[in-house]
Amino acid sequence: MKLVGQPGLADWGGAPTRRDVEVRSPAHVATAVATTGRIGFHGEPATRFFPHPGVRYLPLEGPDPVVAIASRRNDRRDTVAAFRAATLASPAADSLAAAQAEDPVES
């Protein structure tokens with residue numbers, strides 16, 4: 001299975017076969033898995049947003065993944081600004097939660 005437009009994934013998948021399927025959208029990964037019998041990797045939200053009766057999503061164990069957002073450098077729309085602010089605030093919120101877990105405040 002090859003996710004078209006995603007550099008590197010085609011190389012990771014190995015040599016092309018007669019059963020290769022080009023997937024042009026993350027929404028179609030589950031259908032490709034169901035029709036080809038191959039495996040696919042998807043983010044956890046796919047279990048809710050892209051359910052498929054012929055596909056079972058299994059969580060992988062390991063360290064939390066690191067993700068990034070991408071937007072145009074000069075995009076000034078309110079929704080993009082809000083998303084950037086939330087992304088930048090996330091590490092601070094994680095640090096605050098960790099500090100509170102180490103030194104809980106008594107009520």
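Residues numbered from 1 in each chain as written. Predicted model: local features only at pLDDT ≥ 70, side-chain atom pairs only at ≥ 80, totals over all residues. Heavy atoms only, no water.

**So, the overall build of the protein chain**
So, point 1. A tally of regular secondary structure across the protein chain gives 4 helices and 2 strands.
So, point 2. With 107 residues in all, the protein chain has 9% of them scored as buried.
So, point 3. Of the contacts formed within the protein chain by residues at least 6 apart in sequence, a portion of 18% connects residues at least 24 apart.
So, point 4. When the accessible area of the protein chain is evaluated, it comes to approximately 9400 Å², of which 58% is carbon and sulfur surface. (Helix = DSSP H or I, 4+ residues; strand = E, 2+ residues; numbered from the N terminus. Buried < 20%, exposed > 50% of the residue type's maximum accessible area, 1.4 Å probe, protein only. Contact = heavy atoms within 4.5 Å. Areas by Shrake-Rupley, 256 points an atom, 1.4 Å probe, with all protein chains shown as cover.)

**As for the pattern of salt bridges**
Two side chains bearing opposite charge may form a pair once their charged atoms approach each other closely.
So, point 1. For the structure on display, the rule yields 3 salt bridges.
So, point 2. The salt bridge involving Glu-44 is made with Arg-48; its shortest N-O contact spans 2.9 Å.
So, point 3. With a relative accessible area of 53%, Arg-48 lands in the exposed category.
So, point 4. For Arg-72, the salt bridge goes to Asp-75, with nearest N and O atoms at 3.2 Å.
So, point 5. Here the residues in one salt-bridge network are Arg-72, Asp-75 and Arg-77, joined through shared partners. (Salt bridge = Lys/Arg side-chain N within 4 Å of Asp/Glu carboxyl O.)

**Considerations on the nonpolar core**
So, point 1. One finds Val-23, Val-29, Ala-30, Ala-32, Val-33 and Val-55 forming the largest nonpolar core, which totals 6 residues.
So, point 2. With 4 residues, the single largest contributor to this core is helix α2 (residues 29-36).
So, point 3. Excluding residues that lie within four positions of it along the chain, Val-55 makes contacts with Ala-30, Val-33 and Ala-34. (Core = buried A, V, L, I, M, F, W, Y, C linked by side-chain atoms within 4.5 Å.)

**Re the confidence of the model for the protein chain**
So, point 1. Residue-level pLDDT values for the protein chain average 74, and 65% of them are 70 or greater.
So, point 2. Highest mean pLDDT in the protein chain belongs to helix α3 (residues 46-49) (90); lowest belongs to strand β1 (residues 2-3) (50).
So, point 3. Taken together, the stretch residues 3-7 has pLDDT below 50 and engages in 8 contacts with residues farther than four places along the chain or on a different chain. (pLDDT = per-residue confidence, 0-100.)

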